[in-house]
Amino acid sequence: MTEPQPATVSWAQPGNATAVADHIARVVNAPGRKRIAFTGGSTPIKVLSLLKDRPLDWSSVTIALTDDRCVPDDHPASNFGKIHAALGASGARFERLEEGAQVEPFDLVWLGMGEDGHVASLFPHMQAVVRPGPTVIATTPIPLPPEAPFDRLTLNRKALKASREIILVVTGASKKALLERVIAGDDGYPVADFLRGYGPPVTIYWSE
Ligand SMILES: O=C(O)[C@H](O)[C@@H](O)[C@H](O)[C@H](O)COP(=O)(O)O
């Protein structure tokens, strides 16, 4: 087991959806089998449609989710539903979130971030079933966010950090300002654990 390293953080230039799709395509095209954890939320929609239209060979890829809302796959809030709609016919293998399941390491973890600095479904305030090791846990945000008022399943911190690298894809001035505060030393947000602790290198893709 390699010694944990302090996380390094870099800002991609450009940080737009095309650049994110290029990064993911490089991982997909690498030799051998790959595991990629996809974020949920609305930011990925543009990247997913770019990836869907690219002639990539997904047959060696396992697509996992960083987290999901506890809703049926055909519910508009389902992260699995969104990702499967874009890549379900790609030939990739899909790995569902199963509470308590041990999670294998990833080649790439793709995170988004909420305005409160949450990543995956690790919220500043939440009920959470704490489990040892890299695993899937159940969380309930406190308060329930109006845009997605649901219980969640999420990879825990250890599972999210068990990756060769992390990309953090965010839009808008307020999220950029939050990240700059965290990088400058503010530990008051869940994202801080990934930018200032020990863990894989993080590339931030930011756009307006
Ligand atoms: O299920 C979710 O909501 C996500 O996994 C979550 O962590 C998301 O990345 C942020 O909430 C940002 O969401 P937006 O991209 O919609 O701003």
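Up top you'll find the structure we're talking about.
Predicted, not measured: the structure shown is a model, and the values here were computed from it.

The local shell around the ligand holds 16 residues, among which Ser42, Thr43, Asp67, Arg69 and Ala120 are the closest. Between threonine 43 and the ligand, the recorded distance is 2.5 Å, taken from a side-chain N or O atom to an oxygen atom. Contact with the protein chains hides 88% of the accessible area of the ligand, taken as 410 Å² for the molecule alone. When grouped by side-chain class, the residues that make up the shell around the ligand number three nonpolar, nine polar and four charged.

With that out of the way, let us pick up the packing of helix 1 (residues 17–29) against helix 2 (residues 44–52). At their nearest, the axes of helix 1 and helix 2 sit 9 Å apart, and the two run at 55 degrees to each other. For the element pair helix 1 / helix 2, the angle class is oblique. Crossing hand, helix 1 versus helix 2: right-handed. Across from Ala17, Thr18, Val20, Ala21 and Ile24 in helix 1, the residues of helix 2 making contact are Lys46, Val47, Leu50 and Leu51. Residues belonging to the contact of helix 1 with helix 2 are distributed by class as follows: seven nonpolar, one polar and one charged.

In this description, an aromatic ring pair is defined by two values, namely the gap between the centres and the angle between the planes. Within the structure shown, the criterion is met by three aromatic pairs. Centroid distance phenylalanine 38 to tryptophan 58: 6.4 Å. Interplanar angle 50 degrees. Geometry classified as tilted. Here phenylalanine 38, found in strand 2 (residues 34–38), pairs with tryptophan 58, found in the loop between helix 2 and strand 3 (61–65); they are 20 residues apart in sequence, far enough to count as distant. The pair formed by phenylalanine 38 and tryptophan 58 is uniform in burial state, with each residue classed as buried. Ring centres 5.3 Å apart and planes at 55 degrees place the aromatic pair phenylalanine 38 and tryptophan 110 in the tilted group.

Attention shifts here to the sheet that holds strand 6 (residues 108–111). Spatially, the seven strands line up as an open sheet ordered 1-11-10-6-2-3-5, and their pairing is parallel. What marks the edges here is a single partner per strand, and that holds for strand 1 (9–11) and strand 5 (93–94). Bridge count between strand 10 (residues 166–171) and strand 11 (residues 202–207): six bridges; the pairing is parallel. Bridged to leucine 168 within strand 11 is isoleucine 204. Contacts from helix 5 (residues 173–183) reach strand 1, strand 10 and strand 11, with the element oriented near 145 degrees to strand 1.

What counts, and where the lines are drawn
- Residues numbered from 1 in each chain as written.
- Predicted model: local features only at pLDDT ≥ 70, side-chain atom pairs only at ≥ 80, totals over all residues.
- Heavy atoms only, no water.
- Near = heavy atom within 4 Å.
- Polar contact = N/O pair within 3.5 Å; in protein donor to acceptor, adjacent residues only side chain to side chain.
- Areas by Shrake-Rupley, 256 points an atom, 1.4 Å probe, with all protein chains shown as cover.
- Nonpolar A, V, L, I, M, F, W, Y, C, P; charged D, E, K, R; others polar.
- Axes fitted to C-alpha atoms, helices over the stretch in contact; angles between N-to-C directions.
- Helix = DSSP H or I, 4+ residues; strand = E, 2+ residues; numbered from the N terminus.
- Parallel < 35°, antiparallel > 145°, perpendicular 65-115°, else oblique.
- Left-handed = near helix turned anticlockwise from the far one by under 90°.
- Contact = heavy atoms within 4.5 Å.
- Phe/Tyr/Trp six-rings, centres within 6.5 Å; stacked < 30°, edge-to-face > 60°.
- Buried < 20%, exposed > 50% of the residue type's maximum accessible area, 1.4 Å probe, protein only.
- Pairing = 2+ DSSP bridges.

Note that every value here comes from positions in space, so none of it alone points to a role or purpose.
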